Amino acid sequence: MKAPHQTTCLVVDDSAVIRKVARRIIEDLGMNVSEAEDGSAALEACAVSMPDAILLDWNMPNMDGFAFLQALRRSEGGDAPKVLFCTTENDIGAIARALRAGADEYIMKPFDRDILTAKLEQVGLVADAA
Amino acid sequence: MTELEFEYLRNFLKQRSGLALTAEKRYLAESRLTPVCRRFGIASLGDLIGSLKLAQNGAIERAVVEAMTTNETFFFRDRIPFDLFRDTLLPEALARNAGRRRLRIWCAAASTGQEPYSLAMLLQEAGPRLAGWQVEIVATDLSTEVIEKAKLGLYSHFEVQRGLPVQWLIKYFTQVGEQWQIAPSLRAMVDYRQLNLLHSFASLGQFDVIYCRNVLIYFDAPTKSDVLARLAAQLTPEGALLLGAAETVIGLTDRLNPHPKHRGLYGHARPAAARPAEMVPPLRVAAGV
Ligand SMILES: C[S@@+](CC[C@H](N)C(=O)[O-])C[C@H]1O[C@@H](n2cnc3c(N)ncnc32)[C@H](O)[C@@H]1O
């Protein structure tokens with residue numbers, strides 16, 4: 001049975017493999033996961049129902065993660081979700097740019113369960129294991 | 001490895017590092033020591049134990065000790081001990097030491113440096129409140145290998161993503177190829193030294209705050225008691241000792257007491273009359289007002 005306030009997370013990535021890996025980890029943390037394969041699909045999903053968290057790839061066809069984040073933050077209720085970039089763009093310049101655009105956290109690929117869990121804890125979406 | 005050889009290894013480790021290896025951990029010894037054999041060109045675990053018995057090769061002995069220690073650590077591990085430092089221990093120490101303007105912190109099993117550097121970042125964030133203060137972070141570990149890594153302050157992208165907020169990653173680290181290196185100003189704040197907790201550490205002097213986390217857990221009870229009593233002696237009268245989540249002083253020393261409110265925090269045990277207000281029963285506080 002689903003709890004009434006189950007935390008929701010939207011995983012946005014054009015790789016089905018990454019979406020599947022992320023989904024498994026995030027579901028194990030007790031969240032409800034949905035998926036989108038690019039930025040424009042993600043925007044549509046957010047218009048229907050705003051998630052609590054968004055795990056966001058950078059390079060995707062149609063609309064990339066950066067353009068999505070800018071559009072999201074301008075949209076109604078779009079300042080609410082915690083956005084965690086999750087990308088192979090691993091240089092300091094890209095990270096700074098993502099933070100300026102309104103990202104809350106940044107995950108450098110490749111990631112693992114520990115990292116994803118720790119980052120979701122850091123933005124306050126998972127109670128600490130300790 | 002024969003039963004006798006394993007027994008020899010257990011005694012050797014207990015003497016050298018305090019590690020209490022239980023009989024069920026034999027598989028662990030075998031899997032961790034096999035690479036040591038390879039590294040020194042030794043044919044079998046039996047031969048490795050044989051060379052320990054000869055006591056002629058310090059490098060092999062150190063490699064065995066270091067292979068058997070667990071070095072896992074990460075930035076802001078368990079978070080609460082660091083929130084406590086920022087919100088309570090640091091402000092209290094600043095008030096208490098305002099005259100001397102001196103603050104001394106010791107990380108007693110610092111491993112690869114994430115713990116002392118987490119504290120160094122919190123101190124930098126405290127900014128002007130520490131202007132004119134002499135702040136010392138002493139970080140020690142048994143293993144020279146981890147100390148060398150800590151001094152370099154170079155971390156993999158996995159290491160910097162466990163516990164460290166990304167805002168602080170870009171503020172305090174620079175990219176060096178695939179790795180991340182902590183800022184020279186933070187490296188300069190930490191004084192790294194090799195130190196075995198089984199040996200005397202009285203010469204380090206007294207500290208306002210001691211982090212001794214996730215190391216006592218590997219020792220047997222008499223060793224824990226001994227180390228805790230000696231840690232108490234290095235703690236200033238109002239000093240704070242922080243242990244790991246699975247560690248305690250209870251039943252091990254009467255020189256230290258758990259803090260009534262904060263888990264993992266310990267201070268000097270004192271006679272009831274000398275206790276700070278917080279620990280005095282409410283009736284007496286009321287009577288005193
Ligand atoms: C699990 S790490 C803990 C690191 C850090 N304090 C933390 O909590 O994340 C344990 C460390 O204790 C060190 N250690 C083990 N035995 C020791 C001894 N007898 N004296 C000093 N350090 C020791 C190991 O080398 C290792 O780096």
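All values derive from a computational prediction rather than experimental measurement. (Residues numbered from 1 in each chain as written. Chains lettered and ligands numbered in written order. Predicted model: local features only at pLDDT ≥ 70, side-chain atom pairs only at ≥ 80, totals over all residues. Heavy atoms only, no water.)

Trainee: Explain the site of the ligand to me, and be specific about the residues and the numbers.
Mentor: All names here are of chain B. Neighbouring the ligand are 19 residues; T73, R77, A109, D141 and N214 lie closest to it. Here a nitrogen atom of the ligand sits 3.2 Å away from a polar atom, N or O, in the main chain of L142. Between the ligand and R213 there is a distance of 2.9 Å, counted from a nitrogen atom to a backbone nitrogen or oxygen. For the ligand, the protein covers 98% of the area, taking 600 Å² as the surface of the free molecule. (Near = heavy atom within 4 Å. Polar contact = N/O pair within 3.5 Å; in protein donor to acceptor, adjacent residues only side chain to side chain. Areas by Shrake-Rupley, 256 points an atom, 1.4 Å probe, with all protein chains shown as cover.)

Trainee: Account for the pattern of salt bridges, naming residues and giving values.
Mentor: All names here are of chain B. All chains considered together, the criterion is met by 27 salt bridges over all chains. Residue E30 pairs with R26 through a salt bridge whose shortest N-O separation is 3.8 Å. Placement of the pair is E30 and R26 together in helix 2 (residues 26-40), with a separation of 4 residues, close to one helical turn. Residue class for E30 comes out partly exposed when judged on its relative accessible area of 27%. Between D83 and R79 there is a salt bridge, with its nearest N and O atoms 3.1 Å apart. (Salt bridge = Lys/Arg side-chain N within 4 Å of Asp/Glu carboxyl O. Helix = DSSP H or I, 4+ residues; strand = E, 2+ residues; numbered from the N terminus. Buried < 20%, exposed > 50% of the residue type's maximum accessible area, 1.4 Å probe, protein only.)

Trainee: Tell me about the packing of helix 1 (residues 3-17) of chain B against helix 2 of chain B, residues and numbers included.
Mentor: All names here are of chain B. Interaxial distance between helix 1 and helix 2 falls to 12 Å at its minimum, and their mutual angle equals 80°. On the basis of the axis angle, helix 1 is roughly perpendicular to helix 2. Across from E3, F6 and L9 in helix 1, the residues of helix 2 making contact are R26, A29 and L33. Of the residues contributing to the contact of helix 1 with helix 2, the split by class is 4 nonpolar, no polar and 2 charged. (Axes fitted to C-alpha atoms, helices over the stretch in contact; angles between N-to-C directions. Parallel < 35°, antiparallel > 145°, perpendicular 65-115°, else oblique. Contact = heavy atoms within 4.5 Å. Nonpolar A, V, L, I, M, F, W, Y, C, P; charged D, E, K, R; others polar.)

Trainee: Run through the UniProt feature "modified residue: 4-aspartylphosphate" (unreviewed entry) in chain A, naming residues and quoting values.
Mentor: Residue and element names in this part refer to chain A. Using the residue numbers shown here, the UniProt feature "modified residue: 4-aspartylphosphate" (unreviewed entry) corresponds to D57. Within the secondary structure, D57 sits in the loop between strand 3 (53-56) and helix 3 (65-74). Among the residues examined, D57 registers a relative accessible area of 6% and is labelled buried. Not counting residues up to four positions away in its chain, the partners in contact with D57 are V12, D13, D14, G65, F85, C86, T87 and K109. (UniProt positions renumbered as here; feature names shortened; annotations may be inferred.)

Trainee: How would you explain the domain arrangement of chain B if you had to name every residue and give the values?
Mentor: All names here are of chain B. Along its sequence, chain B is carved into domain 1 (3-68) and domain 2 (80-274). Here the C-alpha centroids of domain 1 and domain 2 sit 30 Å apart. On the side of domain 2, 10 residues touch domain 1, which itself brings 9 residues to the contact. Surface buried jointly by domain 1 and domain 2 totals about 740 Å² across both partners, of which 50% is contributed by carbon and sulfur atoms. (Domains from an automatic or database assignment. Buried area = accessible area lost by both parts, 1.4 Å probe.)

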